[in-house]
Amino acid sequence: MATGTESPQQRGGVRTGTRAAITVPHLRTDRWWLAPACTAAGLLAFVVYSTWRAFADAHYYAAPYVSPFYSPCLAENCRAMRAGPNADLFGAWWGISPAIIILIFPLGFRLTCYYYRKAYYRAFWASPPACAVAEPHRSYTGETRFPLILQNVHRYFFYAALLVAGVLTYDTVLAFRDEHYRWGHMGLGTLVFLANIVLIWAYTLSCHSCRHIVGGKLKHFSKHPARYRAWQFVGRLNARHMQLAWASLLSVALADFYVYLVASGVFDDPRFF
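Residues numbered from 1 in each chain as written. Predicted model: local features only at pLDDT ≥ 70, side-chain atom pairs only at ≥ 80, totals over all residues. Heavy atoms only, no water.

Asker: Report on the environment of A239, specifying residues and quantitative values.
Answerer: Tracing the sequence through the fold places A239 in the loop between α7 (225–238) and α8 (241–263). With 31 residues separating them along the chain, A239 and H208 place their C-alpha atoms 10.0 Å apart. (Helix = DSSP H or I, 4+ residues; strand = E, 2+ residues; numbered from the N terminus.)

Printed below as a string of structure tokens:
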């Protein structure tokens, strides 16, 4: 522990003279590198897949299903979706994939998420790579400098994520139609969309910012029983924030891939009724 009496030359990282004279970088004998390696592989796989799908600008709508990567569709070059999430706000000048407009909001929400920050800091920057394993950096500034200081906008991306989750809920309701837009039908895609929206809402509401908004700054829970119950519910979700982060990341990719398979003609959506 630094006491404030060390000279400027003594202060620094864990490999300086103020620490115990241990020759090896760490004393861990387990496969500590496996967790950050798996995290890096999983995140890279999602980045590659989502980048391909976002720029593809094709096979994102197969009535009544619309890919969550393209919803809401805010450009004139969107596919016509009957009663779907179309809103021509950007006009004809937007020439590239309309997915680029909307993905910035869920992407920003996840990039600034407390769990994902921990995950990719460890996996890609080795800051630190694991518990009790020294990071290779000579200095540490935390999130006080650009660009990491921008992580503080997470609470605002949370509000945007609520709007996106609302639109995806609307898409899930529309999934109870058939390909001719008749109501009262359910296909395999409907179940895929239902599972996805449940996980999306669970992950969004388990956010640390949501927990603070619901129950933060309350001095007496007894005077706010409704907020207290909501705070308890969000707290239970927050305890599973990591699992929900990965489950919702997988579900949104699977929902998009399912729409891609149906829209590209690989198979027809099986109908239950």
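That was the structure; now back to the text.
Asker: Any details on the environment of S209? Residues and values, ideally.
Answerer: Here S209 is to be found in helix α6 (residues 208–215). Of the residues examined, S209 reaches a relative accessible area of 10% and is grouped as buried. Here the alpha-carbon distance between S209 and S251, two residues 42 residues apart in the chain, equals 22 Å. In this view, S209 contacts H154, R155 and F158; residues no more than four positions away in its chain are not counted. (Buried < 20%, exposed > 50% of the residue type's maximum accessible area, 1.4 Å probe, protein only. Contact = heavy atoms within 4.5 Å.)

Asker: How would you explain the UniProt feature "transmembrane region" (unreviewed entry) in the protein chain if you had to name every residue and give the values?
Answerer: The UniProt entry lists residues 32–52, 91–112, 156–177, 183–203 and 244–267 under the feature "transmembrane region" (unreviewed entry), expressed in the numbering used here. Along residues 32–52 the backbone is 90% helical and 0% strand, and the end-to-end C-alpha distance reaches 32 Å. Annotated as residues 91–112, this span is 59% helix and 0% strand, and its ends, taken at the C-alpha atoms, are 30 Å apart. (UniProt positions renumbered as here; feature names shortened; annotations may be inferred.)

Asker: Tell me about the pattern of salt bridges, residues and numbers included.
Answerer: As enumerated under the stated definition, the model contains six salt bridges in all. Of the charged contacts in the structure, one is a salt bridge between R28 and D30, with a shortest N-O distance of 2.7 Å. A cluster of three or more residues bridged by salt bridges with shared partners is formed by E179, D269 and R271. (Salt bridge = Lys/Arg side-chain N within 4 Å of Asp/Glu carboxyl O.)

Asker: Mind laying out the side chain of N238, listing which residues take part and the relevant values?
Answerer: Along the chain, N238 turns up in helix α7. When residues no more than four places from it in sequence are discounted, the contact partners of N238 are S206, C207, H208 and R211.

Asker: How would you explain the packing of aromatic side chains if you had to name every residue and give the values?
Answerer: Summed over all chains, the structure comprises 25 aromatic pairs. Taking the centre distance of 4.1 Å and the plane angle of 5° together, the rings of Y60 and Y70 count as stacked. Within this pair, whereas Y60 is found in the loop between α1 (34–56) and β1 (61–62), its partner Y70 is found in the loop between β2 (65–66) and α2 (99–111), the two being separated by ten residues in sequence. For the pair formed by Y60 and Y70, the shared burial category is buried. Residues Y120 and Y121 carry aromatic rings whose centres are separated by 5.2 Å and whose planes lie at 85° to one another, so their mutual orientation is edge-to-face. (Phe/Tyr/Trp six-rings, centres within 6.5 Å; stacked < 30°, edge-to-face > 60°.)

Asker: Describe the side chain of S248, with residues and values.
Answerer: The residue S248 is located in helix α8 in this model. For S248, a relative accessible area of 0% gives the class buried. In this structure the side chain of S248 is engaged in a polar contact, spanning 2.9 Å, whose partner is the side chain of R110. The residues touching S248, leaving out its near neighbours within four places in the chain, are R110, N196, L199, I200 and Y203. (Polar contact = N/O pair within 3.5 Å; in protein donor to acceptor, adjacent residues only side chain to side chain.)

Asker: How would you sum up a nonpolar patch on the surface? Please name residues and give values.
Answerer: A grouping of I104, F105, L107 and L111 is seen on the molecular surface, where their side chains present a nonpolar patch of about 340 Å² in accessible area. Relative to the elements of secondary structure, I104 occurs in helix α2. (Patch = residues over 30% accessible without salt bridge, like charges linked within 9 Å, V, L, I, M, F, W, Y side chains within 5 Å. Areas by Shrake-Rupley, 256 points an atom, 1.4 Å probe, with all protein chains shown as cover.)

Asker: Can you tell me about unusual backbone geometry, naming the residues and giving the values?
Answerer: Residue P64 is reached from A63 by a cis peptide bond, and omega for that bond is 5°. By the secondary structure assignment, P64 is in the loop between β1 and β2. Going from S127 to P128, the amide bond is cis rather than trans, its omega being -15°. Counting through the fold element by element, P128 comes out in the loop between α3 (114–125) and α4 (154–174). In this structure, Y181 takes a positive phi of about 70° despite not being glycine. Relative to the assigned elements, Y181 resides in the loop between α4 and α5 (188–205).

Asker: Break down the nonpolar core for me, with residues and values.
Answerer: One finds Y60 and F69 to be the most contacted residues of the largest nonpolar core, which totals 24 residues. Among the elements of the structure, α1, α2, α4, α5 and α8 are those that each provide at least two residues to this core. Of all the elements, α2 adds the most residues to this core, at four residues. Other than its neighbours up to four places away in sequence, F69 contacts F46, Y49, S50, R53, A99, I102, L103, V252, A253 and D256. (Core = buried A, V, L, I, M, F, W, Y, C linked by side-chain atoms within 4.5 Å.)

Asker: Lay out α5 with the relevant residues and their values.
Answerer: One full turn of an α-helix is made of 3.6 residues, so residues set three or four places apart face in the same direction. Here α5 is 18 residues long and its end C-alpha atoms lie 26 Å apart, about the 26 Å a rise of 1.5 Å per residue gives. Where α5 is concerned, the buried positions are G189, T190, F193, N196, I197, I200, A202, Y203 and T204. (Expected span 1.5 Å × (residues − 1).)

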